[in-house]
Amino acid sequence: MNKDTRPIHTLNSRGFTLLEVLIVIALFSIMAAIAIPSILVWAPDLKLKSAARDVFSTLQRARILAVKAKRNTAVIFDPTNNEYQLCDDWDTTGSTCAGNLQTINLSSLGYGIGYGHGNATQDVPGGAFPADNVSYGSPVNTAVLNSRGLGNAGYVYLDHQENSTTYAIGNLTSGSIRILKWNGSVWK
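Please read these numbers as outputs of a predicted model, since none were measured by experiment. (Residues numbered from 1 in each chain as written. Predicted model: local features only at pLDDT ≥ 70, side-chain atom pairs only at ≥ 80, totals over all residues. Heavy atoms only, no water.)

### Thoughts on the sheet that holds strand β1 (residues 73–78)
And then number 1: Pairing in this open sheet of four strands is antiparallel, and the strands run β5-β2-β1-β7 from one edge to the other. A strand with exactly one partner marks an edge of an open sheet, and here the two such strands are β5 (100–105) and β7 (142–145). Ignoring strand direction, the axes of neighbouring strands in this sheet form an average angle of 10 degrees.
And then number 2: Sheet topology places β1 next to strand β2 (residues 83–87); five bridges connect them, and they run antiparallel. The residue of β2 that forms the bridge with valine 75 is leucine 86. (Pairing = 2+ DSSP bridges. Helix = DSSP H or I, 4+ residues; strand = E, 2+ residues; numbered from the N terminus. Axes fitted to C-alpha atoms, helices over the stretch in contact; angles between N-to-C directions.)

### Structural notes on the pattern of salt bridges
And then number 1: Applying the stated rule across the entire model yields two salt bridges.
And then number 2: Aspartate 45 serves as the salt-bridge partner of lysine 181, at 3.8 Å between the closest nitrogen and oxygen. On the criterion of sequence distance, the pair formed by lysine 181 in strand β10 (residues 177–181) and aspartate 45 in helix α1 (residues 18–69) is long-range, its members being 136 residues apart.
And then number 3: Residue classification places lysine 181 among the partly exposed residues on the basis of a relative accessible area of 32%.
And then number 4: According to the relative accessible area criterion, aspartate 45 is buried, its value standing at 17%. (Salt bridge = Lys/Arg side-chain N within 4 Å of Asp/Glu carboxyl O. Buried < 20%, exposed > 50% of the residue type's maximum accessible area, 1.4 Å probe, protein only.)

Right, here's the structure in full:
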């Protein structure tokens, strides 16, 4: 028997065949065709959730500033201009902001995000929605937090024009700040 015998079929493992590359491209194309529509459906909800968390964080920041500085702070919601602002020195006698820290436009948080209640059928307390989707009463559309972290109760409702999801962000008089999502029948 000859020692120099080679197997009948030798493989060269230095590359891929054209058929292998085409099969991989076809598999990736099929997976993308399945995944992309799902991602496009989720994207507006993710942006809306992020915007709701931003409003929640702003209310939290106002509460912390009020306690730390021992003075009233406020978050002023402006549905007409689709924005809100954080005021670090709220004068309750004149209802004016002596120190505007930050103004946030909701559209800067994502395309199509604004004040609204989507497909929600009732506000958080269980009644009708306010006309401008902000339920803070006096002063109008303003969440005021005092040096003890307490404040006026109310909610802000956000939705996305391409999605029916709605978030309610607000605080109780105890200062507790909440973020709720409409699940189709109740706020959770």
